[in-house]
Amino acid sequence: MKKFFSVKDVPDLRKFISEAKNVKANPFGQENLGKHKTLGLIFLNPSLRTRLSTQKAGLNLGMQVMVMNMGQEGWALETKDGVVMDGTSVEHIREAAAVIGQYCDIVGLRSFPSLKDREADYTEELFNKFMEFCKVPVVSLESATRHPLQSFADLLTIEEEKKVEKPKVVLTWAPHVKALPQAVPNSFAEWMNRAQKEGMIDFIITHPKGYELSEEFTEGVTITHNQSEAIKDADFVYVKNWSGFQEYGKIIATDEEWMLNSKRLSNHTKVMHCLPVRRDVELASEILDGPQSLVQTEAGNRLWAAQTVLKTILEDLS
Amino acid sequence: MKKFFSVKDVPDLRKFISEAKNVKANPFGQENLGKHKTLGLIFLNPSLRTRLSTQKAGLNLGMQVMVMNMGQEGWALETKDGVVMDGTSVEHIREAAAVIGQYCDIVGLRSFPSLKDREADYTEELFNKFMEFCKVPVVSLESATRHPLQSFADLLTIEEEKKVEKPKVVLTWAPHVKALPQAVPNSFAEWMNRAQKEGMIDFIITHPKGYELSEEFTEGVTITHNQSEAIKDADFVYVKNWSGFQEYGKIIATDEEWMLNSKRLSNHTKVMHCLPVRRDVELASEILDGPQSLVQTEAGNRLWAAQTVLKTILEDLS
Amino acid sequence: MKKFFSVKDVPDLRKFISEAKNVKANPFGQENLGKHKTLGLIFLNPSLRTRLSTQKAGLNLGMQVMVMNMGQEGWALETKDGVVMDGTSVEHIREAAAVIGQYCDIVGLRSFPSLKDREADYTEELFNKFMEFCKVPVVSLESATRHPLQSFADLLTIEEEKKVEKPKVVLTWAPHVKALPQAVPNSFAEWMNRAQKEGMIDFIITHPKGYELSEEFTEGVTITHNQSEAIKDADFVYVKNWSGFQEYGKIIATDEEWMLNSKRLSNHTKVMHCLPVRRDVELASEILDGPQSLVQTEAGNRLWAAQTVLKTILEDLS
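Residues numbered from 1 in each chain as written. Chains lettered and ligands numbered in written order. Predicted model: local features only at pLDDT ≥ 70, side-chain atom pairs only at ≥ 80, totals over all residues. Heavy atoms only, no water.

- Per an unreviewed UniProt entry, chain A is named N-succinylornithine carbamoyltransferase, and its organism is Albibacterium bauzanense.
- Heading Pathway (unreviewed entry) of the UniProt record for chain A holds this comment: "Amino-acid biosynthesis; L-arginine biosynthesis."
- Per UniProt, the comment on chain A under Sequence similarities (unreviewed entry) is "Belongs to the aspartate/ornithine carbamoyltransferase superfamily. SOTCase family." (UniProt positions renumbered as here; feature names shortened; annotations may be inferred.)

Laid out in structure tokens, this is it:
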């Protein structure tokens, strides 16, 4: 594995899940694999789960880990080419990425979308340039359009928690007070779509009209605007807000009815969310605090997802 | 030891001091005790001594240490239950604490008081919730009402530096330009009160009228408003500013006469302060720069206090 | 080596370069030298290359490394003596430096100049006080007037890349949109002046009138205002902006003609810059992206410079 940016970077999904289970069962089984290797974690945006789980994953593998928050400790990066840099950007991503790549064997990078310029966001301009100039394997810690470590942990959670061979998984939009990126739902859809094609799950998406995600991620997936119908017999409901893709970065509706509560939930349905979650805005507290919630299991699995990715890259380095 | 929040968490004070002396004499004697264990240090407020000493303590014990500044790298946490989270708080402490607890074997947490809502501060709402949901041992890196690692280091310093079997220790209020928390004086009073009950020291508090600390910490301790009388034959004078407890968070008096200088100090008296100190506001430079100051000894002992606490928790983990 | 603040701290320049080549050839050859030793990296200003390269250098030597950004995680330091600290400074450098020195075996410190008070900047008030009170070896991660780790990496790069025994090295001023410190050009001049005296290179400085650097760094060096003449047969051109020393901290001219482009560059000339660089303001993109640029080689050599300095100090510690 030379990079971990989307589900397309995973050659064998079932084997990847199986590897993650092995890593979880034996966290220090490869504690010398990362010896003399450096992991640089570069954050252009805030992070809690991703930061701590990936840092720990690197340490568990014996790597040297360096964490850098560019916004606070570093400075603004220019991404456009051909720009006379007489403004506020202190350094071009060409230089910065190449320098960071010289000090690291693997780089993790987080960079949120602008939610203003859809083309720049969806061509993953910053991420692609970083990968190009960095020259070492790059792990996405969430890019403008995807959050693959989250989705990998989510699929691992589903595989661990499923009670039937081929569970029904529903991604549902939820209300929020802010306009959020589509990265988590895009990525979840991309991973579940692949899992569905490989016969691991059945997958449906439900959201209010206007919240259609890019077809790049949902092609072939059943989409409905009837949430109640969609979640009725679901084994897993994945709850997440996102802002508009067509009306890019906009809040199109804030229908409170879309907030999941226990009344509308079957007893056998498990509820998932990537966190952080707005209690009683996105999801009812009673669900979060009850036995049907898997949010902490997902968060815990972030560690094993990250460690499996780093392990796989390290094995291919030498 | 399952947590380190107040002196009440220490079963045997004399033994704890003795352990700290052992750790100081042999810093790397338990360098494998923390192998495969992760220490997470979570700061909701700035830190210098506590941050560096606790990070180093964990490393000396062979732990993996992760430092996280929530305010800059993370985001604002909601602590109230039953709140519809449609405001500025991005994540509830229930989720955040549980997640952090999954990635760490021990968590250190710093959280200052609001100085506005005495009840919320003195019920230690944030800290107690964090400990409840985190589920792993939590070490206070200073909470709303206490700073136990500081007080432990202070008591260690007194035990090391005392010239008589049972020295006289005085806590004196000092002027400042800002309204400061009561955490350090509360904690010092709590620890010295315990030490006095165990026959280790004699303890007196002196402050201007209106600066009474909560009786929770000072019960049974002699309190006087006459500083000169109090410090006359003291072996150790602990200098510290704090804001009002009754008139909560207020500056009641700023009497410059309360600033200790060398004229009013006996030759045999040692002077202590937790740092950072406002020179010539809280304490005269001539004392800080002279042979009677123990401020650097205290700061150095912060490392051994932290390492002793972590060691004790690690020994009880397995 | 007891400190690394300027080229004067290097007893034997040729041997130092030779050591750096050894370290680069065998990065983990001294991986136990730093065992049980702590490196504290204290940043009063932002950093990318210096931060990552020095952190990694410490880790490569087996040190415990702690990184602290004072501005964000800590607080403002007072440097003046005899000041009643009733303003915004929370702690005096006397206390802070002494505390940090107790937790570290080596301290790296970054502190930029004010560019307002030349005397305070050029007496290196902050740095000298820090070194005095810290009591352990201090490595400059860039001070008000010098950036020796950069200059060491630059000289290593020249020694590696030179095609003739005694290459011609030119330092040229370049335009910028902001008033920048003189630390990098001062330091480069100081190191190249020493290298010239030891017969390793020929050295010339070129800049517009008014940009004269302090003679402390350039004494005996040929200075010309004719850039074209200076760079004509240069083997290495070091491009850098700086603000005025006489008219302290001022932008005196912003002559765009001084920006180096490929038209005015001989084919055999290599171009250097410390980074970050303002593309097409300081230096033409076509040069940065072309085969004559050494900027990434310099950045990579920052690691070996830092590791050589730390190794040398560690060897002298015991």
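## Brief notes about the overall build of chain A
(1) Moving on: Secondary structure assignment for chain A yields 12 helices and 12 strands.
(2) Moving on: For 318 residues, the compact-globule formula gives about 20 Å, and the C-alpha radius of gyration of chain A, at 19 Å, lands near that figure.
(3) Moving on: Overall size of chain A, expressed as C-alpha extent along the three principal axes, is 55 × 50 × 35 Å.
(4) Moving on: Within chain A, the fraction of its 318 residues that count as buried is 64%. (Helix = DSSP H or I, 4+ residues; strand = E, 2+ residues; numbered from the N terminus. Rg over C-alpha atoms; globule rule 2.2 N^0.38 Å. Buried < 20%, exposed > 50% of the residue type's maximum accessible area, 1.4 Å probe, protein only.)

## Quick word on empty space enclosed by the protein
All names here are of chain A.
(1) Moving on: Within this structure, the stated rule accounts for two cavities of 30 Å³ or more.
(2) Moving on: Taken as a whole, the largest cavity holds about 40 Å³ of empty space.
(3) Moving on: In terms of lining, the largest cavity is formed by Trp173, His176, Lys178, Ala179, Leu180, Tyr211, Asn241, Trp242, Ser243, Ile251, Ala253 and Thr254.
(4) Moving on: If you add up the space inside the second largest cavity, you get close to 30 Å³. (1 Å grid on protein atoms, 1.4 Å probe; cavity = no way out; pocket = protein on both sides within 12 Å on 5 of 7 lines; lining within 4 Å. Points joined across faces, edges and corners; volume = space filled by probe spheres on them.)

## A word on the relation of the copies chain B and chain A
(1) Moving on: Least-squares fitting of chain B to chain A yields an RMSD of 0.0 Å, with the superposition described by an axial translation of 0.0 Å and a rotation of 120 degrees. In short, the pair behaves as if placed about a three-fold rotation axis. Across chain B, the rotation axis passes nearest the C-alpha of B:Gln72, at a separation of 4.4 Å. (Least-squares fit on C-alpha atoms with pLDDT ≥ 70 in both.)

## Describing the pairing of strand β2 (residues 38-43) of chain B
All names here are of chain B.
(1) Moving on: The buried count for β2 comes to six of six residues, which makes it a mostly enclosed element.
(2) Moving on: In β2, alternate side chains face the same way, and those of Thr38, Gly40 and Ile42 on one face and Leu39, Leu41 and Phe43 on the other are all buried.
(3) Moving on: Note: β2 against strand β3 (residues 64-69), six bridges, orientation parallel. Its bridge partner being in β3, phenylalanine 43 is matched across the sheet by asparagine 69.
(4) Moving on: Once the chain exits β2 it traverses helix α2 (residues 49-60) before rejoining the sheet at β3, and the crossover so formed is right-handed. (Pairing = 2+ DSSP bridges. Right-handed = clockwise from strand over helix to strand, strands pointing away.)

## Things to note about the interface of chain B and chain C
(1) Moving on: Facing 30 residues of chain B, the contacting portion of chain C comprises 33 residues.
(2) Moving on: Summing both sides of the interface, chain B and chain C together bury roughly 2800 Å²; the carbon and sulfur share of this comes to 56%.
(3) Moving on: For the interface between chain B and chain C, the tally reads three salt bridges.
(4) Moving on: Note that C:Arg94 and B:Asp289 form a salt bridge whose closest N and O atoms lie 3.7 Å from each other.
(5) Moving on: Counting across the chain B and chain C interface gives 16 residue pairs in polar contact (both at pLDDT 80 or more).
(6) Moving on: Those elements that place two or more of their residues in the side of chain B that touches chain C are α2 and α12 (295-317) of chain B.
(7) Moving on: Counting residues per element, the side of chain B that touches chain C draws most heavily on α2(B), at eight residues. (Contact = heavy atoms within 4.5 Å. Buried area = accessible area lost by both parts, 1.4 Å probe. Salt bridge = Lys/Arg side-chain N within 4 Å of Asp/Glu carboxyl O. Polar contact = N/O pair within 3.5 Å; in protein donor to acceptor, adjacent residues only side chain to side chain.)

## Quick word on the UniProt feature "binding site: N(2)-succinyl-L-ornithine" (unreviewed entry) in chain A
Residue and element names in this part refer to chain A.
(1) Moving on: UniProt's feature table lists "binding site: N(2)-succinyl-L-ornithine" (unreviewed entry) at Glu142, His176, Lys240 and Arg278, given in the numbering used throughout. Cross-referencing the annotated residues with the largest cavity identifies His176 as lining it.
(2) Moving on: Looking at where glutamate 142 falls in the secondary structure, it is placed in the loop between β7 (138-140) and α7 (148-161).
(3) Moving on: When sequence neighbours within four positions are dropped, the list of residues in contact with glutamate 142 reads Leu109, Arg110, Ser111, Phe112, Phe127, His147 and Ala183.

## Concerning the relation of the copies chain B and chain C
(1) Moving on: Take chain B, turn it by 120 degrees, move it 0.0 Å along the axis, and it overlays chain C with an RMSD of 0.0 Å.
(2) Moving on: A distinct binding surface is used by each copy, with only 3% of the interface residues of chain B retained as interface residues in chain C.

## A look at the sheet that holds strand β6 (residues 106-110) of chain B
(1) Moving on: In spatial order, the strands read β1-β7-β6-β2-β3 (chain B); together these five strands make up an open sheet with parallel pairing. The open sheet has two edge strands, β1 (3-4) and β3 of chain B, and neither has a second partner.

## With respect to helix α8 (residues 183-197) of chain B
All names here are of chain B.
(1) Moving on: With 15 residues, α8 extends 21 Å from end C-alpha to end C-alpha; this agrees with the ideal 21 Å at 1.5 Å per step.
(2) Moving on: The buried fraction of α8 is high, at 13 of 15 residues.
(3) Moving on: Of the residues flanking the end of α8, it is glycine 199, one or two places downstream, whose phi is positive at about 75 degrees. (Expected span 1.5 Å × (residues − 1).)

## Focus on the sheet that holds strand β6 (residues 106-110) of chain A
Residues and elements named next belong to chain A.
(1) Moving on: With parallel pairing, the five strands of this open sheet are ordered in space as β1-β7-β6-β2-β3. Looking at strand neighbours, the two that pair on one side only are β1 (3-4) and β3 (64-69), the edges of this open sheet.
(2) Moving on: As paired strands, strand β2 (residues 38-43) and β6 are joined by five bridges and run parallel to one another. Each residue of the ladder has a partner; that of glycine 40, found in β6, is valine 107.

## Concerning the domain arrangement of chain A
Many structure descriptions define interface size as the accessible area lost when the parts assemble.
Residue and element names in this part refer to chain A.
(1) Moving on: By the assigned domains, chain A splits into domain 1 (3-146 + 299-317) and domain 2 (150-297).
(2) Moving on: Computed over C-alpha atoms, the centres of domain 1 and domain 2 are 25 Å apart.
(3) Moving on: Of the residues lining the interface, 35 residues belong to domain 1; the matching set on domain 2 comes to 36 residues.
(4) Moving on: Applying the counting criterion to the domain 1 and domain 2 interface returns four salt bridges.
(5) Moving on: Linking glutamate 190 and lysine 8 is a salt bridge whose minimum nitrogen-to-oxygen distance equals 3.8 Å.
(6) Moving on: Element by element, the count of residues in the side of domain 1 that touches domain 2 is highest for helix α12 (residues 295-317), at eight residues.
(7) Moving on: Taken together, the residues of the side of domain 1 that touches domain 2 break down into 16 nonpolar, six polar and 13 charged. (Domains from an automatic or database assignment. Nonpolar A, V, L, I, M, F, W, Y, C, P; charged D, E, K, R; others polar.)

## With respect to the interface of chain B and chain A
(1) Moving on: Between chain B and chain A, the residue contacts involve 33 residues of the former and 30 residues of the latter.
(2) Moving on: Taken over both partners, the interface formed by chain B and chain A buries close to 2800 Å², and the fraction arising from carbon and sulfur atoms is 56%.
(3) Moving on: Area buried by chain B at its contact with chain A is led by B:Met66, B:Glu95 and B:Tyr103, which between them contribute 24% of it.
(4) Moving on: Inspection of the region where chain B meets chain A yields three salt bridges.
(5) Moving on: The salt bridge partner of A:Arg49 is B:Glu91, with a shortest N-O separation of 2.9 Å.
(6) Moving on: Among the secondary structure elements, those contributing two or more residues to the side of chain B that touches chain A are β3, α3 (70-73), β5 (91-92) and α4 (93-103) of chain B.
(7) Moving on: Among the elements that line the side of chain B that touches chain A, the one with the most residues is α4(B), at eight residues.
(8) Moving on: Split by residue class, the side of chain B that touches chain A holds 16 nonpolar, 10 polar and seven charged.

## Topic: the environment of C:Glu31
(1) Moving on: As for its position among the elements, C:Glu31 is in the loop between α1 (13-25) and β2 (38-43).
(2) Moving on: Overall, the relative accessible area of 28% leaves C:Glu31 in the partly exposed class.
(3) Moving on: Sequence-wise, C:Glu31 and C:Leu61 are 30 residues apart; in three dimensions their C-alpha atoms are separated by 4.2 Å.
(4) Moving on: Side chain to side chain, C:Glu31 and A:His36 meet in a polar contact 2.7 Å long.

## Details of the side chain of C:Ser111
(1) Moving on: As for its placement among the helices and strands, C:Ser111 is situated in the loop between β6 (106-110) and α5 (118-122).
(2) Moving on: Apart from residues lying up to four places away in sequence, C:Ser111 is in contact with C:Leu44, C:Asn45, C:Leu126, C:Phe127, C:Glu142, C:Ser143 and C:Ala144.

## So, unusual backbone geometry
(1) Moving on: With an omega of -5 degrees, the peptide bond running from A:Leu275 to A:Pro276 counts as cis.
(2) Moving on: Relative to the elements of secondary structure, A:Pro276 occurs in the loop between β12 (270-272) and α11 (285-288).
(3) Moving on: A positive phi is found at A:His36, a non-glycine position, where the angle reads about 65 degrees.
(4) Moving on: As for its placement among the helices and strands, A:His36 is situated in the loop between α1 (13-25) and β2.
(5) Moving on: For C:Glu124, which is not glycine, the phi torsion reads 50 degrees and is therefore positive.

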